[in-house]
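Working through the structure, step by step
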Amino acid sequence: MTLWIGLTGGIGSGKSSIAQMFAELGVPIVDADAISRSLTAENGEALPSIRLLFGDEVFDHEGRLNRITLREEVFRRPQSKKQLENLLLPLILNKIQQQKQKLASSTYGIVDVPLLIENPAFKAETDRILVVDVPESVQIERVHQRNGFSEEQTRQIMATQASRCDRLLHADDVLDNTHNMEEAKIKVARLHQYYQSIAQSPKETA
């Protein structure tokens, strides 16, 4: 029986880089963000329902989703955000479950979900939670370097996510990703060995 590790972390934590490190070790990754993008890509499964909810205004003249317009609508109206979540989350959850079934022969795998703590249905798909953690000041600096966002813009995004304290309270394991990539790779390698060991131990996974 596969041990599923829920991987999460706030914006700017470097969670995606950590997921890639696990992938390089041969660990299967179920990526909720990638699933979400596929659902809203051209001819994506979620597009008809999004059109029904938000109208033609969030699509371009070729029928493709205008992500910027939709993002602005979601930030402007909390009700729109809730409607979009209610639409997408069950679809994402279903795809996660399908991918997990295909990977059922794996010793352990990663379910990469940015908003894992915020959504109990996603937490239920995992056996342990690994939080990639950095101080808020590091989050703000990294997002500024990567996206050019101001501190205020970054804090607005952070306010829509679980707090650092909440993530740590729910964590079974914590990876401090404050420093360089080489140090992170060492920590990932150690966790990889640890997860392999507990996945193969009936007492630990029962």
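Residues numbered from 1 in each chain as written. Predicted model: local features only at pLDDT ≥ 70, side-chain atom pairs only at ≥ 80, totals over all residues. Heavy atoms only, no water.

**A word on the nonpolar core**
Formally: Take the buried Ala, Val, Leu, Ile, Met, Phe, Trp, Tyr and Cys residues and link them wherever side-chain atoms come within 4.5 Å; each set so joined is a nonpolar core. For the exposure calls, accessible area comes from a 1.4 Å probe over protein chains only, and a residue counts as buried if that area is under 20% of its type's maximum, exposed if over 50%, partly exposed in between. Each helix is a run of DSSP H or I of at least 4 residues and each strand a run of E of at least 2, with the numbering of both proceeding from the N terminus. All domain edges in this entry derive from an automatic or database-based domain assignment. Contacts were defined at the residue level, with two residues in contact if any of their heavy atoms lie within 4.5 Å.
Formed by 29 residues in total, the largest nonpolar core has its most connected members in Ile-50, Ile-92 and Ile-96. Sorting the residues of this core by element identifies helix H2 (32-40), helix H3 (47-54), helix H4 (67-76), helix H5 (78-102) and strand E4 (128-133) as the ones contributing at least two each. Tallying contributions element by element places H5 first for this core, with six residues. Structurally, this core is a two-domain feature, drawing no fewer than three residues from each of domain 1 (1-28 + 106-200) and domain 2 (46-104). Excluding residues within four positions of it along the chain, Ile-92 makes contact with Ala-32, Ile-35, Ser-36, Leu-39 and Phe-122. Tyr-108, Ile-110, Val-132 and Ala-184 belong to the second largest nonpolar core, which has 19 residues in total.

**Here we look at the UniProt feature "binding site: ATP" (unreviewed entry) in the protein chain**
What counts here: UniProt positions are given in the numbering used here, feature names are shortened, and annotations may be inferred rather than shown by experiment. Note on definitions: the grid is 1 Å and covers protein atoms alone; a cavity is a set of points where a 1.4 Å probe fits but cannot get out; a pocket is an open set with protein on both sides within 12 Å along at least five of seven lines; lining residues have an atom within 4 Å of a point.
The residues that UniProt annotates with the feature "binding site: ATP" (unreviewed entry) are Gly-12, Ser-13, Gly-14, Lys-15, Ser-16 and Ser-17. Of the residues annotated just before, the largest pocket has Gly-12, Ser-13, Gly-14, Lys-15, Ser-16 and Ser-17 among its lining. Within the secondary structure, Gly-12 sits in the loop between strand E1 (3-8) and helix H1 (15-24). The class for Gly-12 is buried, based on a relative accessible area of 6%. The residues touching Gly-12, leaving out its near neighbours within four places in the chain, are Val-134, Gln-139, Arg-142, Val-143 and Arg-146. Checked against the element boundaries, Ser-16 lands in helix H1.

**Description of the packing of aromatic side chains**
Let me state the cut-off plainly: Pairing of aromatic rings covers Phe, Tyr and the six-membered ring of Trp, with a centre-to-centre limit of 6.5 Å; geometry is then stacked below 30 degrees between planes, edge-to-face above 60, and tilted otherwise. For a Lys NZ or an Arg CZ to count as sitting over a ring, it must be within 6 Å of the ring centre and within 35 degrees of the ring normal.
Here the structure, examined in full by the defined rule, presents three aromatic pairs. Taken together, a centroid distance of 5.7 Å and an interplanar angle of 45° make the contact between Tyr-194 and Tyr-195 tilted. Aromatic ring contacts, followed pair by pair, group Phe-22, Tyr-108, Tyr-194 and Tyr-195 into a single cluster. The ring of Phe-59 is capped by Arg-51, whose NZ or CZ atom sits 3.9 Å from the centre of that ring.

**A short note on the pattern of salt bridges**
How we decide: Whenever a carboxyl oxygen of Asp or Glu lies within 4 Å of a side-chain nitrogen of Lys or Arg, that contact is scored as a salt bridge.
Using the criterion set out here, one finds 15 salt bridges in the structure. Between Glu-73 and Arg-77 there is a salt bridge, with the nearest N and O atoms lying 2.9 Å from each other. Overall, Glu-73 belongs to the buried group, its relative accessible area being 12%. When its relative accessible area of 37% is taken as the criterion, Arg-77 is described as partly exposed. The salt bridge involving Glu-182 is made with Lys-185; its shortest N-O contact spans 4.0 Å. Taken together, the residues span about one helical turn, with Glu-182 and Lys-185 both in helix H10 (residues 181-199) at a distance of three residues. Taking the relative accessible area as the measure of exposure, Glu-182 reaches 51% and is therefore exposed.

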